[in-house]
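The primary structure of each chain is shown beneath.
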Amino acid sequence: MAAACQPKAAAPRIIPVSATKIQNRIFEEVIQAEGTLTTPTFIQVKLQTSGVITQVLVKEGDTVNAGDLLFTLENKEELAELKTAEEELKKAIIQAKRNSELARIGAEKLSIAEEKRVAAVAAQSLLVAKQEALNKTSVHSPINGVVGHLGNTKPGTYLQQGDSTFYIVNNENLSINLSIPALQAKQIQLNQQVKMYDETNSNILGTGKITFIPPYFEEGSDNKADNTILVRANFANEKKGLRTLQLIRSKIIIGSKQQPSLPAAATLFKAQQPYTYQLVPIKTFLQTAEIDPQRKKAMSALPPGTYIAHETPLMLGNLQDNHFPVLSGLEAGDLVATSGSRMLFTGMPVSIRSDN
């Protein structure tokens with residue numbers, strides 16, 4: 001009678017949660033680095049002669065082709081010298097022919113005829129030099145590209161030989177220089193894939209390959225090695241959104257590995273320690289867990305399809321595509337909660353929502 005009067009243990013409340021099974025997936029092994037975009041077709045136009053700008057035929061942002069005329073310099077003096085050289089050449093050729101004919105019939109010494117022939121050759125060379133001098137007063141684009149800031153490149157400006165003007169830039173093919181610490185340098189190999197990301201570190205802006213690994217470490221400002229190596233990757237700027245000198249986040253793919261995959265939605269953190277709630281079938285829980293008999297009796301009354309939440313500490317790799325590689329704590333096939341985790345604790349009964 002005393003036993004019959006004892007109150008029955010109430011069945012624990014069951015919480016509905018969403019859940020997913022842990023599956024294996026391929027995770028990339030990466031080295032993360034920031035780099036600056038460069039291109040060999042980032043060219044500053046420099047003068048080959050001195051002079052005053054007379055005409056500028058391009059505007060900032062114009063697209064130009066190799067050989068297009070960009071601007072001209074004052075060339076009256078060069079034109080006059082060219083015409084003089086042309087006349088001198090004509091005279092030298094006539095004189096050389098005349099003396100050659102006289103020498104042939106014996107009316108002139110051969111040495112004098114040879115002297116006139118050499119003078120004609122010199123006049124020809126002078127004409128070529130004067131033509132080149134005139135050509136330098138017309139500045140042409142060396143590449144296909146886009147005109148940058150014109151700055152002080154405007155009519156009336158006097159420029160000296162060697163002065164820099166504006167840039168012509170072609171961003172179709174870019175390179176990225178990536179600074180890699182010495183401890184990771186041995187993992188870098190030619191042709192490894194490199195992915196460039198935007199500020200969110202999720203959208204891929206471009207992909208390329210490692211094309212150059214220098215045989216030395218970088219030199220710091222104090223002329224000492226700073227223990228980093230500057231590797232280069234080349235890629236095609238397919239989206240046309242990247243520009244020379246832009247700072248870009250990148251990942252060098254050094255390998256790949258199949259590992260259990262935990263969705264970010266199922267991951268919790270406590271004092272920076274990652275954990276999740278693994279869902280264990282009620283039958284398994286009752287067979288393995290150490291719980292008091294009264295609670296065990298109450299839980300035995302739960303429906304057979306009930307699961308029990310169990311807080312599981314984890315070791316995780318870096319997040320990739322909203323999934324963490326699980327280094328320890330879970331295996332493929334394990335069931336974990338993906339929603340309602342904030343209400344859970346170890347030993348709480350749960351049911352899987354029908355949408356799962």
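Within every chain, residues take consecutive numbers counted from 1 along the sequence as written. Note on the predicted model: pLDDT of at least 70 is required for a residue's local features to be given, and 80 or more for side-chain atom pairs to be given and counted; whole-chain, interface and lining totals, by contrast, use all residues. As a rule here, side-chain values cover all heavy atoms of the structure and leave hydrogens and water aside.

Participant: Just to check I follow, could you spell out the overall build of the protein for this structure?
Facilitator: Along the protein, the regular secondary structure elements total six helices and 23 strands. We compute the radius of gyration over the C-alpha atoms and compare it with the globule rule, which gives 2.2 Å times the number of residues raised to the power 0.38. Here the C-alpha atoms of the protein give a radius of gyration of 40 Å, more than 25% beyond the 21 Å that 2.2 N^0.38 yields for 356 residues. Any two residues whose heavy atoms approach within 4.5 Å are treated as being in contact. A fraction of 77% describes how many contacts in the protein between residues 6 or more apart in sequence connect residues 24 or more apart. Reported accessibility uses the Shrake-Rupley method at a 1.4 Å probe radius. Residues are deemed covered only where the shown protein chains occlude them. Surface summary for the protein: the accessible area is close to 21,700 Å², and the carbon and sulfur share equals 51%. The charged-residue count follows a simple rule in which Lys and Arg add positive charge and Asp and Glu add negative charge, with His and chain termini not counted at all. Note that the charge is assigned to NZ on lysines, CZ on arginines, CG on aspartates and CD on glutamates. Computing the positive centroid from 37 side-chain charges and the negative centroid from 34, the protein places the two 8 Å apart. A run of H or I in DSSP becomes a helix once it reaches four residues, and a run of E becomes a strand once it reaches two; helices and strands are each numbered from the N terminus.

Participant: When you look at the confidence of the model for the protein in this model, what are you seeing that I'm missing?
Facilitator: Close inspection of predicted coordinates is inappropriate in any region flagged by low pLDDT. Overall, the prediction assigns the protein a mean pLDDT of 88, with 94% of residues at 70 or greater. Scored from 0 to 100, pLDDT reflects the predictor's confidence in each residue. Per-residue pLDDT stays below 50 along residues 1–6; that stretch engages in zero contacts with residues further than four places along the chain or on separate chains.

Participant: How should I be thinking about the packing of aromatic side chains in this particular structure?
Facilitator: Two descriptors summarise a pair of aromatic rings, namely the distance from one centre to the other and the angle between the planes of the rings. Centre distance within 6.5 Å is the pairing criterion for rings of Phe, Tyr and Trp, where only the six-membered ring of Trp is used; planes under 30 degrees apart are then read as stacked, over 60 as edge-to-face, and the remainder as tilted. By the definition in use, this model includes four aromatic pairs. Ring plane angle 70 degrees and centroid distance 6.5 Å describe the contact between Phe269 and Phe324, whose orientation is recorded as edge-to-face. Highlighted residues: Phe269 in strand E17 (residues 268–270) and Phe324 in strand E21 (residues 323–328), separated in sequence by 55 residues. In this scheme, a residue with accessible area under 20% of its type's maximum is buried, one over 50% is exposed, and one in between is partly exposed, where area comes from a 1.4 Å probe on protein chains only. Overall, Phe324 belongs to the buried group, its relative accessible area being 13%. Aromatic side chains Tyr275 and Tyr277 sit 5.9 Å apart centroid to centroid with 85 degrees between the ring planes, which places their arrangement in the edge-to-face category. With respect to class, Tyr275 is no different from Tyr277; both count as buried. Cation over ring: Arg25 sits above Phe27, and NZ or CZ is 5.3 Å from the ring centre. To sit over a ring, a charge needs its Lys NZ or Arg CZ within 6 Å of the ring centre and within 35 degrees of the ring normal. Here Lys270 stacks its cationic end above the ring of Tyr275, 5.1 Å away from the centre of that ring.

Participant: Sorry if this is basic, but what is going on with the pairing of strand E14 (residues 204–212) here?
Facilitator: One requirement defines pairing of two strands: DSSP has to find at least two bridges between them. The pairing of strand E13 (residues 193–197) with E14 spans five bridges and is classified as antiparallel. What sits directly across from Lys195, in E14, is Thr207. Where E14 lies against strand E15 (residues 228–236), three bridges are found, and the strand directions are antiparallel. The residue of E15 that forms the bridge with Ile210 is Ala233.

Participant: In this structure, what is going on with the nonpolar core? I would like to understand it.
Facilitator: A general tendency of soluble globular proteins is for nonpolar side chains to be buried together. Put simply, a nonpolar core is a bunch of buried Ala, Val, Leu, Ile, Met, Phe, Trp, Tyr and Cys residues held in one set by side-chain atoms that sit within 4.5 Å of each other. Leu178, Ile180 and Ile252 are the most contacted members of the largest nonpolar core, which totals 19 residues. Elements supplying a minimum of two residues to this core: strand E3 (23–38), strand E12 (173–181), E13, E15 and strand E16 (247–263). Counting 15 residues, the second-largest nonpolar core is a separate cluster that includes Leu47, Ile53, Val147 and Ile168.

Participant: Which parts of the structure should I look at to understand the environment of Gln193?
Facilitator: Inspection of the secondary structure assignment puts Gln193 in strand E13. Counting along the chain gives 62 residues from Gln193 to Gly255, while the straight-line C-alpha distance between them is 9.6 Å. If near-sequence neighbours (up to four positions away) are discounted, Gln193 is found in contact with Thr207, Gly208, Lys251, Ile252 and Ile253.

Participant: Teacher, can you tell me more about the sheet that holds strand E5 (residues 51–56) here?
Facilitator: Strand-to-strand pairing in sheets goes through backbone hydrogen bonds, with the strands running parallel or antiparallel. Here four strands make up an open sheet; going across it, the order is E8-E7-E5-E10 and the pairing antiparallel. Of all strands in the sheet, those with a lone pairing partner are strand E8 (138–140) and strand E10 (158–159), marking the two edges. Of the strand pairs in this sheet, strand E7 (residues 69–73) and E8 are connected by three bridges, and their pairing is antiparallel. Within E8, the residue paired with Thr72 across the bridge is Ser138.

Participant: What's the story with the sheet that holds strand E6 (residues 63–64) in this structure? I'm lost.
Facilitator: With antiparallel pairing, four strands are arranged side by side in an open sheet as E4-E11-E9-E6. Bordering the open sheet on either side are strand E4 (42–46) and E6, each of which pairs with just one other strand. As defined by bridge partners, E6 adjoins strand E9 (residues 145–147) across two bridges and the pair is classed as antiparallel. Residue pairing in the sheet places Val64 in a bridge with Gly145 of E9.

Participant: Sorry, what's going on with the environment of Gln246 here?
Facilitator: Inspection of the secondary structure puts Gln246 in the loop between E15 and E16. Separated by 208 residues in the primary sequence, Gln246 and Thr38 place their C-alpha atoms 8.1 Å from one another. If sequence neighbours within four positions are ignored, Gln246 has contacts with Gly35, Thr36, Leu37 and Gly241. Pairs of N or O atoms are called polar contacts if they sit within 3.5 Å, as long as, within protein, a hydrogen donor faces a hydrogen acceptor (for residues adjacent in sequence, only side-chain-to-side-chain pairs). Polar contacts involving the side chain of Gln246 include one to the main-chain amide nitrogen of Arg243, which spans 3.0 Å.

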